[in-house]
Amino acid sequence: MRTTTLRLAGVAVAGAMVLAACGGGDDASSAAACEAGKTDGDLFLYNWSEYIDPELKTAFEAEYGVSVTEDNYDSNEAMQPIVAAGNSGYDVIVPSDYMVTIMIEEGTIQKLNKAAIPNFGNLDPNLDTSYDPTGEYVAPYQGGTTGLGVNLSVVGDDAAAGWGLVFDPAIASKYAGQITLLNDPRETLGAALKYLGYSLNTTDDGELAEAKDLVAAAVKNIAAFESDQYDELLTTGESVIAHGYSGNVVVSIDEYEGDDEYAYFVPSQGGTIWTDNMAVPFDAPHPCTAHTFINFILDADNGAQLSEWNYYASPNARSNEVMDPEVREVLAVMYPDDLSGLEYITDTGDFETNFSDAFSEAKG
């Protein structure tokens, strides 16, 4: 579940029914025939869980006379091979920054027809979208950071706010069986690399081996490698420390009304900052509906509603203008004062396999 609350990677911390056939999705160029507001069938969305307000899906269905079917994944690495294999049936996917680069290079997402997405102009022009070098393939969706959620009543207000809570045996052993780590090779090995003082984008075999050994040594204290329910496990008392995405953790804390008992932070050694994006698979069956959905999400009010629901940062400059001020305030607070320790995960090319292999070995 990638839900809820920080500021967007790339944003300076501050904070009637129309049915028209636009061509089949078997040919990526079919998107060129799409026009703003046109649809060519129902929408099949492949997204992180709990990442879109259900009311937005209902509103899209009502406005355009189509149905929305959503499936979920828990990591970019789980999503990518399904789309790359072809015939996935999905019209819109939501890959993170580094995965966008990979999917562009492998040809598994198609260029957007921006003429069919007039709200594209609402996006903040200062966003860092270097992962889409030509700016042709994706529309930013939401952003945040990855860090730790903790139960302060157990860990204590004065605990060192670092990755040592997970990776220092002397500290983590106090919470054995009450710690969860993301089931994600780049995020979890990245956390270990940051703890060791390395870049989470290392391509050094020795540094990765150290990170692998660190995760392997931590396994005895880990309750689960969990990318979906980690936030609920934290606020229901089943765990004490949860590695996770800012928004998910903050929303759960807010729903629990546990602002004084729980906290989210990016560890002192740094962590991941990220941007998720809307993209259209190369063989999307309904590319026009996909473009109309992307345009719908990029509407100022809809973009604001999205962030107000999931507490992730909006890349939409106009949405930030109309967003609830209290939500904007929370989003800004969720980033550390010092951003120098934050890194985007980047595509490491052939070395990506090393991360996947190391993670499998570390988990045992």
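Refer to the structure presented above.
Residues numbered from 1 in each chain as written. Predicted model: local features only at pLDDT ≥ 70, side-chain atom pairs only at ≥ 80, totals over all residues. Heavy atoms only, no water.

Visitor: In this structure, what is going on with unusual backbone geometry? I would like to understand it.
Guide: The phi angle of most residues is negative, glycine excepted, and most peptide bonds adopt the trans form. Although it is not a glycine, Glu50 adopts a positive phi angle of roughly 50 degrees. Look at Glu50 and you get partly exposed, because its relative accessible area is 38%. For Tyr311, which is not a glycine, the phi torsion comes out positive at approximately 60 degrees. When you line up the elements, Tyr311 lands in the loop between α12 (300-310) and α13 (317-322). Accessibility expressed as a relative area gives 18% for Tyr311, which makes it buried. (Buried < 20%, exposed > 50% of the residue type's maximum accessible area, 1.4 Å probe, protein only. Helix = DSSP H or I, 4+ residues; strand = E, 2+ residues; numbered from the N terminus.)

Visitor: Explanation requested: the packing of aromatic side chains in the structure shown.
Guide: The description of an aromatic ring pair rests on the distance of the ring centres and on the angle between the ring planes. All told, the structure shown has 17 aromatic pairs when counted by the stated rule. Between Trp48 and Tyr245 the ring centres are 6.0 Å apart and the planes differ by 70 degrees, which places this aromatic pair in the edge-to-face class. Residue Trp48 is located in strand β1 (residues 43-48), and its partner Tyr245 is located in strand β7 (residues 241-245); the two are separated by 197 residues in the primary sequence. In terms of burial, Trp48 and Tyr245 fall into one category: buried. When the ring of Tyr245 is compared with that of Trp274, the centres are 5.9 Å apart and the planes differ by 85 degrees; the resulting orientation is edge-to-face. (Phe/Tyr/Trp six-rings, centres within 6.5 Å; stacked < 30°, edge-to-face > 60°.)

Visitor: Even after reading the chapter, I still don't get the packing of helix α1 (residues 54-64) against helix α11 (residues 287-297), so can you show me in this structure?
Guide: Helix-helix packing is characterised by the crossing angle of the two axes and by the distance between the axes. At a minimum axis distance of 11 Å, the contact between α1 and α11 shows a crossing angle of 125 degrees. Here α1 is positioned oblique relative to α11, judged by the angle of their axes. As α1 packs across α11, the resulting crossing turns out to be right-handed. On α11, the residues touching Leu56, Ala59, Phe60, Glu63 and Tyr64 of α1 are Thr289, Thr292, Phe293 and Phe296. Considering only residue class, the contact of α1 with α11 consists of six nonpolar, two polar and one charged. (Axes fitted to C-alpha atoms, helices over the stretch in contact; angles between N-to-C directions. Parallel < 35°, antiparallel > 145°, perpendicular 65-115°, else oblique. Left-handed = near helix turned anticlockwise from the far one by under 90°. Contact = heavy atoms within 4.5 Å. Nonpolar A, V, L, I, M, F, W, Y, C, P; charged D, E, K, R; others polar.)

Visitor: Where do I start with a negative patch on the surface in this structure?
Guide: Together, Glu50, Asp254, Glu255 and Glu257 make up a region of like negative charge exposed at the surface. With respect to the secondary-structure elements, Glu255 resides in helix α10 (residues 246-256). Given a relative accessible area of 62%, Glu255 falls into the exposed group. (Patch = residues over 30% accessible without salt bridge, like charges linked within 9 Å, V, L, I, M, F, W, Y side chains within 5 Å. Areas by Shrake-Rupley, 256 points an atom, 1.4 Å probe, with all protein chains shown as cover. Salt bridge = Lys/Arg side-chain N within 4 Å of Asp/Glu carboxyl O. Lys, Arg positive; Asp, Glu negative; His and termini not counted. Charge placed at Lys NZ, Arg CZ, Asp CG, Glu CD.)

Visitor: What should I look at first to understand the nonpolar core in this one?
Guide: Considering soluble globular proteins, one finds that nonpolar side chains tend to be buried as a cluster. Ranked by size, the top nonpolar core spans 66 residues in total, and within it Ile93 and Ile109 carry the most contacts. Non-local contacts of Ile109, meaning those with residues more than four positions away in its chain, are made with Ile93, Val100, Met103, Ile104, Tyr137, Val138, Ala279, Val280, Pro281 and Phe282. (Core = buried A, V, L, I, M, F, W, Y, C linked by side-chain atoms within 4.5 Å.)

Visitor: Which parts of the structure should I look at to understand empty space enclosed by the protein?
Guide: A probe as big as a water molecule, rolled over the atoms, marks out the empty space that is left. Reported here for the second largest cavity is a volume of approximately 50 Å³. Of all elements in the fold, only β4 (139-151) and α12 reach the threshold of two or more residues within the lining of the second largest cavity. In terms of residue class, the lining of the second largest cavity is made up of seven nonpolar, five polar and no charged. (1 Å grid on protein atoms, 1.4 Å probe; cavity = no way out; pocket = protein on both sides within 12 Å on 5 of 7 lines; lining within 4 Å. Points joined across faces, edges and corners; volume = space filled by probe spheres on them.)

Visitor: Mind showing me how you'd approach the state of the cysteines here?
Guide: Counting across every chain of the model gives one disulfide. Here Cys34 connects covalently by a disulfide to Cys288, the sulfurs 2.1 Å from one another. Judged by the sign of its S-S torsion, about -85 degrees, the bond between Cys34 and Cys288 is left-handed. Of this pair, Cys34 sits in the segment before β1 while Cys288 is found in helix α11, placing the two residues 254 residues apart along the sequence. For the residue pair Cys34 and Cys288, the accessibility class agrees, reading buried in each case. (Disulfide = S-S within 2.5 Å.)

Visitor: Can you help me understand the environment of Ile102 in this one?
Guide: Structurally, Ile102 can be placed in helix α3 (residues 97-106). Note on Ile102: relative accessible area 16%, which makes it buried. Residues within four places of Ile102 in sequence aside, it is in contact with Asp347 and Glu352.

So far we have only geometry, and geometry alone does not tell us how the molecule works.
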